[in-house]
Amino acid sequence: MSVSATRPVASHPRLAELALALGGFAIGTTEFVIMGLMNRIAGDLSVSPQQVGYAISSYALGVVVGAPLISALAAKVPKRQLLIGLMLVFALGNLASALAPGFWSFVGLRFIAGLPHGAYFGVAALVAAAAVPSDQRARAVARVMMGLTVAILLGAPLGTWAGNQFGWPVAFAAVGGIALATALMVRLFVPFVPRDPDASPLRELGALVNQQVLFTLGIASIGFGGMFAVFSYVMPTLTQQAGMTESLGPVVLAIFGVGTIIGTLVGARVADWNLLKAIPLILIWCLVVQALFFVAANQVWAGLLFVALVGTSMALGPTIQTRLMDVAGNAQTMAASLNHAAFNMANALGAWLAGVVIAQGVPWSSSGLVGAALAAGGLLIFFAGRALEPAPAECPD
């Protein structure tokens, strides 16, 4: 990664990181809050709760489409302006979702709201990492991603409560308001980064044929899927298999959120220590805790403990993002954005595979075995990528 001689310096670095994290909080809230509002949305729009899943898939599709498309088309746009523009589109998508007149318009507007997701996180990570010494990049990325994990802990539960109390559109309108506040804070506190005169859509598209970028995205798409395999079915697992009362649902989400925060912070520290050892170590950890969830979920309190431990799988987030910065060459924005498209592919893959397995009549906690298998798959992809990675050129004497 080429670094200009003069780094952009924020007059208030922590406020700049807070602005970037606030956008992550808005994105995380809108992504997860819909799961707690499915029944309300279904009732108001006269569809089944299962059909509301189309809106979840539509948002994820928006992420997958938007990440490479925006990264290529906006290659020449200065990063601060791009972040502001992405937040304005995101705000529009969520405010319009709150006003959707019918179900299919709601589904279409969720697609629009998802378009800026991957590009925003990718650009925000690059801006944060460029403002700190190289041995602190993962921690800077983690502080930006902390907005996403805090959204799981607080944003989604609060949005679910507000949506159930005052109507589901309130949750999406609130997200839109937070996005507008983010755009303002980015303008005030994030330093201006001049556009790269050599940037071009073609250069960014080079990430799509970079072997190590593809291997790293494969780790994210497969290895990260285990966390979603467990999380997607955690409520029926604990209520129907372990006998937990449904009233503890918000507690489950909060416990999972605490785990994601711990995982993000620890993963960043380990990545800054030794990135290429951190990735396989974290994948092995994911494999072990997800496999043990299969047994632990027979008891409520053991199951809740392992919900938190499964949440620590979020440690993969800053490690994968930092690895992409190392292998992407000049296609930094594309590679960083695609990480979050891969994250959503992991979401879809994990939930789908666990659903297929559970449908065979096995215990709900078998989602943990699916998760362990996906973590093992991520580990195999990591070692395959390392085996095919060219050795670094030796400096001449």
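Just so we're clear, the structure is a prediction, and the values are computed from it rather than from any experiment.

Peer 1: Break down the overall build of the protein for me, citing the residues and quoting the values.
Peer 2: Along the protein, the regular secondary structure elements total 18 helices and 0 strands. Taken over C-alpha atoms, the radius of gyration comes to 20 Å for the protein, in line with the 21 Å a tight globule of 397 residues would show. Each principal axis of the C-alpha atoms in the protein carries an extent, and together these give about 65 × 45 × 35 Å. When burial is assessed residue by residue, the protein has 56% of its 397 residues classed as buried. Restricting the contact set of the protein to residue pairs at least 6 apart, pairs at least 24 apart contribute 84%. Taken as a whole, the protein presents about 16,100 Å² of accessible surface, with 70% of it coming from carbon and sulfur. When the 17 positive and 13 negative side-chain charges of the protein are each reduced to one mean point, those points stand 6 Å apart.

Peer 1: An account of the pattern of salt bridges is requested, with residue identities and associated values reported.
Peer 2: Inspection of the entire model under this criterion finds 1 salt bridge. Measuring nitrogen to oxygen at the nearest pair gives 2.7 Å for the salt bridge that ties Arg143 to Glu17. Remark: Glu17 occurs in helix α1 (residues 13–36) and Arg143 occurs in helix α7 (residues 137–166); sequence separation between them is 126 residues. The exposure class of Arg143 is partly exposed, given its relative accessible area of 27%.

Peer 1: So what's going on with the nonpolar core? Residues and values would help.
Peer 2: If you look at the biggest cluster of nonpolar residues, it comprises 89 residues, and the most contacted ones within it are Leu20, Leu83, Phe90, Tyr120 and Leu238. When sequence neighbours within four positions are dropped, the list of residues in contact with Leu238 reads Gly243, Met244, Val252, Gly303, Leu304 and Val307. Within the second largest apolar cluster, 18 residues are counted, among which are Leu37, Val52, Phe103 and Leu109.

Peer 1: Summarise the packing of aromatic side chains; cite the residues concerned and give the values.
Peer 2: All told, the structure shown has 14 aromatic pairs when counted by the stated rule. Where Phe32 meets Phe231, the ring centres are 6.1 Å apart and the plane angle is 70°; that geometry is what we call edge-to-face. With Phe32 in helix α1 and Phe231 in helix α11 (residues 225–231), this residue pair connects regions lying 199 residues apart in the sequence. Summarising the burial analysis for this pair, Phe32 and Phe231 share the class buried. Ring geometry for Phe106 versus Trp168: centroids 5.2 Å apart, planes at 70°, classification edge-to-face. Of the two residues, Phe106 sits in helix α5 (residues 103–114) while Trp168 sits in the loop between α7 and α8 (169–189), which places them 62 residues apart along the sequence. Judged by its relative accessible area of 0%, Phe106 falls in the buried class. Linked through ring pairs, Phe32, Phe231 and Phe256 together constitute an aromatic cluster.

Peer 1: Which residues make up helix α2 (residues 38–45), and what values go with them?
Peer 2: Residues of α2 that are buried include every one of Ile41, Ala42 and Leu45, and no others. When α2 is viewed along its axis, its buried side chains cluster within an angular range of 100° and face the same direction. Facing away from the buried side of α2 by over 90 degrees, the exposed positions are Asn39 and Gly43. In the segment just after α2, Ser46 is the residue with positive phi, at about 60°.

Peer 1: Any details on the packing of α7 against helix α13 (residues 249–273)? Residues and values, ideally.
Peer 2: For any two helices packed against each other, one specifies the inter-axial angle together with the distance between the axes. For the pair α7 and α13, interaxial distance at closest approach is 9 Å and the crossing angle is 180°. With respect to their mutual orientation, α7 and α13 come out roughly antiparallel. When grouped by side-chain class, the residues that make up the contact of α7 with α13 number 16 nonpolar, 4 polar and 4 charged.

Peer 1: Requested: an account of a nonpolar patch on the surface, with residues and values cited.
Peer 2: Among the surface-exposed residues, Leu61, Val65, Leu69 and Leu73 lie close enough to one another that they form a single nonpolar patch of about 370 Å² accessible area. Position of Leu73 relative to the elements: it lies in helix α3 (residues 49–73). With a relative accessible area of 65%, Leu73 lands in the exposed category.

Peer 1: Tell me what's going on with the layout of surface pockets, and back it up with residues and numbers.
Peer 2: Using a probe with the size of a water molecule, rolled over the atoms, empty space left in the structure can be pinpointed. Put simply, the largest pocket is a space of about 1,400 Å³. Around the largest pocket sit 41 residues that line it, and Met35, Gly36, Met38, Ile56 and Ser232 are the ones nearest its centre. At 8 residues, the largest contribution of residues to the lining of the largest pocket is made by α3. When the residues that make up the lining of the largest pocket are grouped by side-chain class, the tally is 25 nonpolar, 13 polar and 3 charged.

Peer 1: So what's going on with the environment of Ala376? Residues and values would help.
Peer 2: Within the secondary structure layout, Ala376 lies in helix α18 (residues 367–388). Each C-alpha atom of the pair Ala376 and Leu292 lies 14 Å from the other, and the pair is 84 residues apart in sequence.

Peer 1: Please give an account of the packing of α13 against helix α15 (residues 300–311) that cites residues and values.
Peer 2: Packing of α13 against α15 leaves a shortest axis separation of 6 Å and a crossing angle of 40°. By the angle class used here, α13 and α15 are oblique. Note that α13 runs across α15; the crossing there is right-handed. Between α13 and α15, the contacting residues are Val252, Ile255, Phe256, Gly259 and Thr260 on the first element and Leu304, Val307, Ala308, Val310 and Gly311 on the second. Among the residues making up the contact of α13 with α15, the classes are represented as 7 nonpolar, 3 polar and no charged.

About the cut-offs
- Residue positions are counted from 1 within each chain, in the order its sequence is given.
- With pLDDT at 70 or above as the cut-off, local features in this predicted model cover only qualifying residues; side-chain atom pairs require 80 or more to be listed or tallied, and sums for whole chains, interfaces and linings still use all residues.
- Side-chain numbers here rest on the full set of heavy atoms in the structure, without hydrogens or water.
- Put simply, DSSP H or I for four residues or longer makes a helix, DSSP E for two residues or longer makes a strand, and each gets a number counted from the N terminus.
- Only C-alpha atoms enter the radius of gyration, while the globule expectation follows 2.2 Å times N to the 0.38, with N the number of residues.
- The buried label applies to any residue whose accessible area, calculated with a 1.4 Å probe on protein chains only, is under 20% of its type's maximum; exposed applies above 50%, and partly exposed to all values in between.
- Between two residues, a contact is recorded if the distance between any of their heavy atoms is within 4.5 Å.
- Under the convention used here, a 1.4 Å probe and the Shrake-Rupley method define accessible areas, while residue burial counts only the protein chains that appear.
- Positive charges are assigned to Lys and Arg, negative charges to Asp and Glu, while His and the chain termini are left out of the count.
- Charge positions are represented by NZ for Lys, CZ for Arg, CG for Asp and CD for Glu.
- Any Lys or Arg side-chain nitrogen found within 4 Å of a carboxyl oxygen on Asp or Glu counts as a salt bridge.
- Throughout, nonpolar core names a set of buried Ala, Val, Leu, Ile, Met, Phe, Trp, Tyr and Cys residues whose side chains join them through atoms within 4.5 Å.
- The pairing test for Phe, Tyr and Trp rings, Trp by its six-membered ring, is centres within 6.5 Å, and the orientation test on the planes gives stacked under 30 degrees, edge-to-face over 60, and tilted for anything in between.
- An arc is given here, and it is the one of the directions from the helix axis to the C-beta atoms.
- The axes are straight lines fitted to the C-alpha atoms, using for helices just the contacting stretch, and the angles between their N-to-C directions are given from 0 to 180°.
- Should an angle fall under 35 degrees it is taken as roughly parallel, and over 145 as roughly antiparallel, whereas 65 to 115 is taken as roughly perpendicular and any remaining angle as oblique.
- Each residue gets one of three labels, nonpolar for Ala, Val, Leu, Ile, Met, Phe, Trp, Tyr, Cys and Pro, charged for Asp, Glu, Lys and Arg, and polar for the others, Gly among them.
- For patch building, the residue pool is restricted to those with more than 30% relative accessible area and no salt bridge; the joining distance is 9 Å between like charges and 5 Å between nonpolar side chains (Val, Leu, Ile, Met, Phe, Trp, Tyr).
- We place a 1 Å grid over just the protein atoms. Points where a 1.4 Å probe fits but has no way out form a cavity, open points with protein on both sides within 12 Å along at least 5 of 7 lines form a pocket, and any residue with an atom within 4 Å of a point lines it.
- Grid points are joined across faces, edges and corners, and a volume is the space filled by probe spheres set on the points.
- By convention the crossing between two helices is left-handed if the near helix lies anticlockwise of the far one by an angle smaller than a right angle, and right-handed if it lies clockwise.

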